[in-house]
Amino acid sequence: MSAPTRAEAPASGAPVVLDISGMTCASCAMRIEKKLNRMPGVEASVNYATEKATVVLPDGTSVDDAIATVEKTGYGAVLPVPPVPEETVGDGAQPPTDPAVAALRQRALVSGLLALPTLLLSMVPALQFDSWQWLVLTLASPVVVWGAWPFHRAALVNARHGAATMDTLVSIGVLAAFGQSLYALFLGEAGMPGMTMRLQLIGERGAGTHEIYLEVAAVVTAAVLAGRWLEARAKHRSGAALRALMDLGAKDVAVLPDGPGTTREERRAVERLAVGDHFVVRPGETVATDGVVVDGQSAVDASMLTGEPVPVEVGPGDAVTGATVNASGRLVVRATRVGGDTRLAQMARLVEAAQSGKAEVQRLADRVSAVFVPVVLVVALLALLGWWLLAGEPTVAFTAAVAVLVIACPCALGLATPTALLVGTGRGAQLGVLIKGPEVLESTRRVDTVVLDKTGTLTSGRMRLVDVVPAAGEDRDDVLRLAAALENGSEHPIARAVVAGAAGALPPVEGFASRQGLGVAGTVEGHAVVVGRPRWLAQEWAQHLDDTLTERADAEAARGRTVVAVGWDGRARGLLAVADTVTPTAREAVDGLRALGLEPHLLTGDGSAAALAVAEQVGIDPAHVRAEVMPEDKLAEVQRLQGEGRVVAMVGDGVNDAAALAAADLGIAIGTGTDVAIEAGDLTLVREDLRAAVDAVRLSRATLRTIKGNLFWAFAYNTAGIPLAVAGLLNPLLAGVAMAASSVFVVTNSLRLRRFRSTTGG
């Protein structure tokens, strides 16, 4: 099999993503980022957790120039290779393990098996037979040379470029312990038969060359390798959400090459599907790409994509999204978006962009890491000189210096932010919440006001029949049945709502006629039926509402509903009330936002009556309602609130919301809305449920809390550990274990975000 070709380079000015190899800590990422940003006009961000660099190149600077800069810094960089089709992987097969993780596991396992007897022999006098120290040397040497080779190699590369990283600390510490032991064994007294040692938490004052530290060199290496392996495995798991997202898509599809209405099918790889192709989706199959149903009725399960557990009924004319699952009937779908244009691909790009970016708190950690390692080297040297020259304690001086080098490794500091971002954004994608960038996390913490669009956000955005009011002596079912039969010939949204509200078969219509914007007329079951505006029935057909119907029509209009009159055979027989109804979960969502400390406001282009009616149903203060607003008015209202010192979140779904979404401190776009709104928002809600906005804010805040908790423990660990090591109160052996444990703690703490639960129970 030939090697996969490299991906095509993006156009000039577009962000370029490079896969970076050879990084071992946050200091490495910081060095690469600094070198790239020194290139004229280049803007770069390097993420240690994702091992990617996002680079914006000016005209005249090529991707190869950026790659060369990274390589000169001592690391590798390539454009991401396209995924290889999994044609040879069976349906039940598991994807192969990351080879880098597997190699690290092998190195850690072998080093651990050799370090354990080294530790026992060195620390337990009862096991120390004559010349035991030479067996320990035999066991420890492969660990120091082969096991710790990644640290030594990275330290050499960094040294050639005049830099120091965490690997420098580990390498110097391990080699110092090993070198002192060799000196004591071959030139000192430690190689004599009968030499014994015992477990000590601190260096022994007055000890000379009869002490060896082979167990320190071996165990520190094994501990750091184990921490690296657990860290790499956790990073691999933390990116599982994005990989799972991409794996949702279908691998092949049954295409109807002769068009809809034909039976001949042709099986194709989904990559060969084109816009306009018609394909079949059988029960249990995954919808291959975004499209529109042209034939068939079914329920589509979108839970893996949106987090919404209830299947959605679809039929001819309804849009379906790629990667959703057909739950029941056979569907024929016309492809409208393929490849990178599909909603699944857009979601994946948003998630990956969020994971590759940096929050302000991470930039602080990066700046600290950049100066941390050189400072630690100076502190270790001062500890060595201080104990040796001033106190005359060479053994304590040596153990103190090695302990400083080992305890100070800034692994936890570098992992604190990116691992939490990886897990948090990945979990959000599983729940139908897409976080566009890490800086969004800071916004959710400060937001105190939320501005809600009405149509499509608090309401369904679709007209629905909400009431039927018969005149005195008329039957409710007759009013609805005759009106629905007549409206069945119209495509108006109000007509569709009336038809949808009628149950059972509808009688045929004769002589159907429509008056644009006024109503329809025709003959149904021998009756001359008229349905339309009350004023039209009165003026055109002399069918006037009686006092009771007039009063009821005024009451319905005051509630923001659209009133349609129904009459036949020369007399008004009843009313139909149609409205864009509040979604069942809107009140719960508004209460949830308020519980998070956000004061809700309502903006809508509808009339005041409709706006106030919706506000009453969902629990928004009438004083915070603005009706009949144009798109520029929505923008002005957001800016007015910001001028009052408020930090504003805006939730919307339409083109008319885009400007306000972009201007708000936090823009939350309903993903079922327009692409313009989604592009303008900071957070995108994939499912059509405002409660997802509550989840978005809760998850963002939980991720930010996790980041700050990680940073606190990482800083606290180094702050407490380094002084103890300098004071000679910390054995290098324990320092190595503690350093590895701190990295594992930070990653494990971040993985807790995988257990985040939606307000809807997802």
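Residues numbered from 1 in each chain as written. Predicted model: local features only at pLDDT ≥ 70, side-chain atom pairs only at ≥ 80, totals over all residues. Heavy atoms only, no water.

### Some remarks on the overall build of the chain
Working step 1: For the chain, the helix and strand inventory stands at 26 helices and 26 strands.
Working step 2: With 762 residues in all, the chain has 52% of them scored as buried.
Working step 3: Considering only intrachain contacts with a sequence separation of at least 6, the fraction spanning at least 24 residues in the chain is 70%.
Working step 4: Element-wise, carbon and sulfur atoms account for 58% of the exposed surface of the chain, whose accessible area totals about 33,000 Å². (Helix = DSSP H or I, 4+ residues; strand = E, 2+ residues; numbered from the N terminus. Buried < 20%, exposed > 50% of the residue type's maximum accessible area, 1.4 Å probe, protein only. Contact = heavy atoms within 4.5 Å. Areas by Shrake-Rupley, 256 points an atom, 1.4 Å probe, with all protein chains shown as cover.)

### What about a negative patch on the surface?
Working step 1: Negative charge collects at one region of the surface, where Asp-546, Asp-547, Glu-551 and Asp-554 lie side by side.
Working step 2: We classify Asp-547 as exposed; its relative accessible area is 69%. (Patch = residues over 30% accessible without salt bridge, like charges linked within 9 Å, V, L, I, M, F, W, Y side chains within 5 Å. Salt bridge = Lys/Arg side-chain N within 4 Å of Asp/Glu carboxyl O. Lys, Arg positive; Asp, Glu negative; His and termini not counted. Charge placed at Lys NZ, Arg CZ, Asp CG, Glu CD.)

### Some words on the UniProt feature "transmembrane region" (unreviewed entry) in the chain
Working step 1: What UniProt calls "transmembrane region" (unreviewed entry) maps, in this numbering, to residues 108–126, 132–149, 169–192, 212–230, 368–390, 396–423, 710–727 and 733–751.
Working step 2: Helix makes up 94% of residues 132–149 and strand 0%, with an end-to-end C-alpha separation of 25 Å.
Working step 3: Here residues 710–727 runs as 94% helix and 0% strand, with 26 Å between its end C-alpha atoms. (UniProt positions renumbered as here; feature names shortened; annotations may be inferred.)

### Examining the packing of aromatic side chains
Working step 1: In total, this model carries four aromatic pairs according to the counting rule given.
Working step 2: Ring centres of Trp-134 and Phe-186 lie 5.3 Å apart, and the angle between their planes is 70°; on these two criteria the pair is classed as edge-to-face. Within this pair, whereas Trp-134 is found in helix H4 (residues 132–147), its partner Phe-186 is found in helix H6 (residues 166–186), the two being separated by 52 residues in sequence.
Working step 3: In this structure Trp-134 comes out as partly exposed when scored by relative accessible area, which is 29%.
Working step 4: A centroid spacing of 6.1 Å and a plane angle of 80° characterise the contact between Trp-713 and Phe-745, whose relative ring orientation is edge-to-face. With Trp-713 in helix H25 (residues 691–726) and Phe-745 in helix H26 (residues 732–751), this residue pair connects regions lying 32 residues apart in the sequence.
Working step 5: Through a chain of ring-to-ring contacts, the aromatic side chains of Phe-712, Trp-713 and Phe-745 assemble into a single cluster.
Working step 6: Just above the ring of Trp-146 sits the side chain of Arg-107; from NZ or CZ to the centre is 4.7 Å. (Phe/Tyr/Trp six-rings, centres within 6.5 Å; stacked < 30°, edge-to-face > 60°. Lys NZ or Arg CZ within 6 Å of the ring centre and 35° of its normal.)

### What about the pattern of salt bridges?
Working step 1: Using the criterion set out here, one finds 25 salt bridges in the structure.
Working step 2: The residue Arg-571 makes a salt bridge to Glu-474 at a minimum N-O spacing of 2.8 Å. In this pair, Arg-571 sits in strand S21 (residues 571–582) while Glu-474 sits in the loop between strand S16 (459–470) and helix H16 (476–487), placing the two residues 97 residues apart along the sequence.
Working step 3: Taking the relative accessible area as the measure of exposure, Glu-474 reaches 17% and is therefore buried.
Working step 4: Note that Arg-552 and Glu-556 form a salt bridge whose closest N and O atoms lie 3.1 Å from each other. Here Glu-556 and Arg-552 lie together in helix H19 (residues 547–558), a separation of four residues that amounts to about one turn.
Working step 5: Since its relative accessible area comes to 31%, Arg-552 is described here as partly exposed.

### Some thoughts on the sheet that holds strand S20 (residues 562–568)
Working step 1: Taking strand neighbours across the sheet as the criterion, the six strands line up as S16-S21-S20-S19-S18-S17 in an open arrangement whose pairing is antiparallel. Only two strands of the sheet have a single partner each, and these edge strands are S16 and strand S17 (509–515). Across the sheet, the mean angle separating the axes of adjacent strands is 20° when strand polarity is ignored.
Working step 2: Bridge count between S16 and S21: eight bridges; the pairing is antiparallel. (Pairing = 2+ DSSP bridges. Axes fitted to C-alpha atoms, helices over the stretch in contact; angles between N-to-C directions.)

### Some thoughts on the pairing of S21
Each regular strand carries side chains that alternate between the two faces of the sheet.
Working step 1: Buried residues dominate S21, accounting for eleven of its twelve residues.
Working step 2: Turn length for the S20-S21 hairpin, with the two strands adjacent in sequence and antiparallel, is two residues, and the turn residue Asp-569 shows positive phi of about 55°.

### Some details on the sheet that holds strand S3 (residues 52–56)
Working step 1: Sheet architecture is open: four strands sit in the order S2-S3-S1-S4, paired in antiparallel fashion. Edge positions in the sheet fall to strand S2 (43–47) and strand S4 (76–78), since each of these pairs with one other strand and no more. Recorded for the sheet is a direction-independent mean angle of 25° between the axes of neighbouring strands.
Working step 2: Pairing of strand S1 (residues 15–21) with S4, which is carried by three bridges, proceeds in the antiparallel orientation.

### So, the side chain of Thr-444
Working step 1: Relative to the assigned elements, Thr-444 resides in helix H14 (residues 439–446).
Working step 2: Residue classification places Thr-444 among the buried residues on the basis of a relative accessible area of 1%.

### Considerations on the packing of H4 against H6
Working step 1: With their axes 12 Å apart at the nearest point, H4 and H6 run at an angle of 150° to one another. With respect to each other, H4 and H6 are oriented roughly antiparallel. The two elements H4 and H6 cross, and the hand of that crossing is left-handed. Residue-level inspection shows Gln-133, Trp-134, Leu-137, Ser-141 and Val-144 of H4 in contact with H6, the latter providing Val-174, Leu-175, Phe-178, Leu-182, Leu-185 and Phe-186.
Working step 2: Of the residues contributing to the contact of H4 with H6, the split by class is nine nonpolar, two polar and no charged. (Parallel < 35°, antiparallel > 145°, perpendicular 65-115°, else oblique. Left-handed = near helix turned anticlockwise from the far one by under 90°. Nonpolar A, V, L, I, M, F, W, Y, C, P; charged D, E, K, R; others polar.)

### Overview of the environment of Gly-322
Working step 1: Secondary-structure assignment places Gly-322 in the loop between strand S11 (319–320) and strand S12 (325–326).
Working step 2: Taking relative accessible area as the criterion, Gly-322 reaches 6% and is therefore assigned buried.
Working step 3: With 15 residues separating them in the primary sequence, Gly-322 and Arg-337 have C-alpha atoms 8.9 Å apart.

### Examining the pairing of strand S22 (residues 599–603)
Working step 1: Most of S22 is tucked away, with four of its five residues classed as buried.
Working step 2: Where S22 meets strand S23 (residues 625–626), two bridges bridge the pair, whose relative direction is parallel. If you follow Leu-602 over to S23, its bridge partner there is Val-625.

### Looking at the nonpolar core
Working step 1: Ranked by internal contacts, the top residues of the largest apolar core, which has 47 residues, are Leu-452, Leu-458, Ile-620, Ile-668 and Leu-685.
Working step 2: The greatest single-element share of this core, amounting to nine residues, is contributed by H25.
Working step 3: Residues contacting Leu-452, with those up to four places away along its chain left out, are Leu-458, Val-590, Leu-593, Pro-600, His-601, Leu-602, Leu-603, Ile-620, Val-651 and Leu-690.
Working step 4: Counting 38 residues, the second-largest nonpolar core is a separate cluster that includes Ala-115, Trp-132, Met-195 and Leu-214. (Core = buried A, V, L, I, M, F, W, Y, C linked by side-chain atoms within 4.5 Å.)

### As for the packing of H16 against helix H17 (residues 493–501)
Working step 1: Their axes nearest at 8 Å, the elements H16 and H17 cross at an angle of 135°. What the angle tells us is that H16 and H17 run oblique. Crossing of H16 against H17: the hand is left-handed. Between H16 and H17, the contacting residues are Leu-480, Ala-483, Ala-484 and Glu-487 on the first element and Ala-495, Arg-496, Val-498, Val-499 and Gly-501 on the second.
Working step 2: When grouped by side-chain class, the residues that make up the contact of H16 with H17 number six nonpolar, one polar and two charged.

### A closer look at a nonpolar patch on the surface
Working step 1: Taken together, Leu-381, Leu-385, Trp-388, Leu-389 and Leu-390 make up a surface patch of nonpolar side chains, about 590 Å² in accessible area.
Working step 2: Relative to the elements of secondary structure, Leu-389 occurs in helix H11 (residues 360–390).

### A look at helix H3 (residues 99–123)
Working step 1: Over its 25 residues, H3 extends 36 Å from the first C-alpha to the last, a length consistent with the 36 Å expected when each residue adds 1.5 Å.
Working step 2: The complete set of buried residues in H3 reads Val-101, Leu-104, Arg-107, Ala-108, Ser-111, Ala-115, Thr-118, Leu-121, Ser-122 and Met-123. (Expected span 1.5 Å × (residues − 1).)

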